[in-house]
Amino acid sequence: MRNRAPLATLGALLVVVTPAFGATVFVSSDLRGYLGPCGCSENMRGGLPRAAHQLKEARRLGGNVLYLDAGDSLFSSARLSPEAVPQESRKARALAEGMKLMGLNARALGERDDARGAAFRKSLGLPEIAAGSGRTFEVDGRPVAVIAAQTPTQLVAAAKRARDQEAHFVLALFHATLEQAQKAAEAPELGADLVVASHAEGEFGGENNRLLRLRVPVVQVQSKGRSLLRVDLSFG
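Overview of the structure. (Residues numbered from 1 in each chain as written. Predicted model: local features only at pLDDT ≥ 70, side-chain atom pairs only at ≥ 80, totals over all residues. Heavy atoms only, no water.)

The end-to-end C-alpha distance of helix α4 (residues 152-164), which contains 13 residues, comes to 18 Å, matching closely the 18 Å that a straight helix rising 1.5 Å per residue would cover. Within α4, burial applies to L155, V156, A158, A159 and A162. Among the residues trailing α4, E166 stands out with phi positive, at a value near 65°. (Helix = DSSP H or I, 4+ residues; strand = E, 2+ residues; numbered from the N terminus. Expected span 1.5 Å × (residues − 1). Buried < 20%, exposed > 50% of the residue type's maximum accessible area, 1.4 Å probe, protein only.)

Right, here's the structure in full:
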């Protein structure tokens, strides 16, 4: 089923809420190597410890919790200068360890994750979903599918496979800009319930949380760890 919900902001969170829920899904996106609060934002928003606290509180209250990362998170840039490599590598390892401690269930990939190559990325041991594929989780007795895509064709095909496998909710982690994701979401054949646009161009491309209320809603999460998407699912 599809859940339509209002948008609200709570501290450093972008929250999609429903009156009752059988599962809570958290999604980080476009972290760009940020571990702590971003000094570029009002009140020093963000930081991995704050995100970890939100997950901890949700689990403490009971219910099913999934934590996903949409990609473009490990490094500040797709290309690193030789001087930046040591520090960026340490931050990427720290981020990976933090995500593991937070109970990361799956993540998609972007070019900012491969600044040191695929071998380094894989050595971090994070649960990855390759572009064009997906993973299904049993949540509150219902199959919830998480798919990853880097092209509209991959997006439609992965969503169709998830639907064919009787997923009750399909969340798409789409490595594309908000504008590209909007165009892809308007395709009548797309069987997803929510699309997270995980890529923002340039330094200031991900400055704001955005929700496009289309047939298939599209969300852009504020970059540099300043926001965390929360989706509360209710199954009738």
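Moving on, we come to the pairing of strand β3 (residues 23-28). Taken across its six residues, β3 has six buried, putting it largely inside the fold. Because side chains alternate across β3, one face comprises the buried residues A23, V25 and V27, and the other comprises T24, F26 and S28, equally buried. Both β3 and strand β12 (residues 228-233) contribute to a ladder of five bridges, which runs antiparallel. Its bridge partner lying in β12, T24 is registered against D232. (Pairing = 2+ DSSP bridges.)

Turning our eyes to something else, we now look at empty space enclosed by the protein. One pass over the structure, following the stated rule, counts one cavity of 30 Å³ or more. In this structure, the largest cavity spans a volume of roughly 30 Å³. (1 Å grid on protein atoms, 1.4 Å probe; cavity = no way out; pocket = protein on both sides within 12 Å on 5 of 7 lines; lining within 4 Å. Points joined across faces, edges and corners; volume = space filled by probe spheres on them.)

As a further point, take the nonpolar core. Residues V25, V27, L171, L173, V196, L229 and L233 are the most contacted members of the largest nonpolar core, which totals 26 residues. Where this core is concerned, the elements lending two or more residues are β3, β4 (64-69), β6 (134-139), β7 (142-149), β8 (169-174), β9 (194-197) and β12. A158, A159, A184 and V218 belong to the second-largest nonpolar core, a separate cluster that totals 24 residues. (Core = buried A, V, L, I, M, F, W, Y, C linked by side-chain atoms within 4.5 Å.)

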